[in-house]
Amino acid sequence: MKQWFMPALLAAALTGGGAQAGEINPAANPLLADKWQSRPLVVVTPSADNPDYERMRGIIETQRDAFNDREMVLYTVENGDGMKDGQALTKIETDAMLDALGLNARGPLTTVLVGKDGGKKVQQEGFVDPRQLFDTIDNMPMRRARQ
């Protein structure tokens, strides 16, 4: 019995055998590809027509140069549907990102600024003025060293 047990256990581990349906794969988190490359801004809202969310999106669009200058990338999750800079994420990617950040797609409007190091720098519910986030970034050691 011992002769087949260990190889079977190893094979199951390598192929994901034994995983429950609906489990989240942390490796699918799209934020992993941004580490040391950009500063993700993740905005999660249960409804795309939330007035505070619409206002935030409008400010980001009018401040796009400032956004890009700070090497930011915009992730949105509207009613459970994820996007990265306007490109659709898969459900698996969206779920992995939300899980990594400890967020709920059906929860309140929540904004998370992630640093280039992959750590959360700001997490706030409700309206967040993106210009305040720019100030936060401008005060980060990595950003100050670049200026």
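Residues numbered from 1 in each chain as written. Predicted model: local features only at pLDDT ≥ 70, side-chain atom pairs only at ≥ 80, totals over all residues. Heavy atoms only, no water.

Asker: I keep staring at the overall build of the chain and nothing clicks. Help me out?
Answerer: Counting its secondary structure elements, the chain contains 6 helices and 6 strands. Each helix and strand of the chain, placed in order from N terminus to C terminus, yields the pattern α-β-α-α-β-β-β-α-β-β-α-α. The burial tally for the chain puts 37% of its 147 residues in the buried class. In the chain, 62% of the contacts between residues at least 6 apart in sequence involve partners at least 24 apart. Entry remark: accessible area of the chain is about 8,700 Å², with carbon and sulfur atoms responsible for 53%. (Helix = DSSP H or I, 4+ residues; strand = E, 2+ residues; numbered from the N terminus. Buried < 20%, exposed > 50% of the residue type's maximum accessible area, 1.4 Å probe, protein only. Contact = heavy atoms within 4.5 Å. Areas by Shrake-Rupley, 256 points an atom, 1.4 Å probe, with all protein chains shown as cover.)

Asker: Got a minute to help me understand the pattern of salt bridges in this structure?
Answerer: Once the charged atoms of two side chains with opposite charge are near each other, the side chains can pair. A complete count under the given rule lists 9 salt bridges for this structure. Note that Glu71 and Lys116 form a salt bridge whose closest N and O atoms lie 2.4 Å from each other. On the criterion of sequence distance, the pair formed by Glu71 in the loop between helix H3 (64-69) and strand S2 (72-78) and Lys116 in the loop between strand S5 (110-114) and strand S6 (120-125) is long-range, its members being 45 residues apart. Overlapping salt bridges bring together Arg39, Glu71 and Lys116 as one network. (Salt bridge = Lys/Arg side-chain N within 4 Å of Asp/Glu carboxyl O.)

Asker: Is there a simple way to explain the sheet that holds strand S4 (residues 87-88) in this structure?
Answerer: In a beta sheet, neighbouring strands are held together by backbone hydrogen bonds and run either parallel or antiparallel to one another. Across the sheet, 6 strands lie side by side as S4-S3-S2-S1-S5-S6; this open sheet has mixed pairing. Lying at the two open borders of the sheet, with one neighbouring strand each, are S4 and S6. Where S2 lies against strand S3 (residues 81-84), 4 bridges are found, and the strand directions are antiparallel. The residue of S3 that forms the bridge with Glu78 is Asp81. The strands touched by helix H4 (residues 91-101) are strand S1 (39-45), S2, S3, S5 and S6; relative to S2, the strand with the most contacts, the crossing angle is about 105 degrees. (Pairing = 2+ DSSP bridges. Axes fitted to C-alpha atoms, helices over the stretch in contact; angles between N-to-C directions.)

Asker: In this structure, what is going on with H4? I would like to understand it.
Answerer: Count 3.6 residues to each turn of an α-helix, and residues three or four apart come out pointing the same way. Inspection of H4 places Thr94, Ala96, Met97, Leu98 and Leu101 among the buried residues, and these make up the whole buried set. Phi for Gly102, located one or two positions after H4, is positive at around 70 degrees.

Asker: How should the layout of surface pockets be read in this particular structure?
Answerer: Considered as a void within the structure, the largest pocket measures approximately 160 Å³ in volume. Asn29, Leu31, Leu32, Asp34, Lys35, Pro40, Ala100, Leu101, Val114, Gly115, Gly118 and Lys120 together form the lining of the largest pocket. (1 Å grid on protein atoms, 1.4 Å probe; cavity = no way out; pocket = protein on both sides within 12 Å on 5 of 7 lines; lining within 4 Å. Points joined across faces, edges and corners; volume = space filled by probe spheres on them.)

Asker: Explanation requested: the packing of aromatic side chains in the structure shown.
Answerer: Counting across every chain of the model gives 0 aromatic pairs. Sitting over the ring of Phe127, Arg55 keeps its end group 3.6 Å from the ring centre. (Phe/Tyr/Trp six-rings, centres within 6.5 Å; stacked < 30°, edge-to-face > 60°. Lys NZ or Arg CZ within 6 Å of the ring centre and 35° of its normal.)

Asker: Sorry if this is basic, but what is going on with the environment of Val43 here?
Answerer: Along the polypeptide, Val43 turns up in strand S1. Accessibility expressed as a relative area gives 1% for Val43, which makes it buried.

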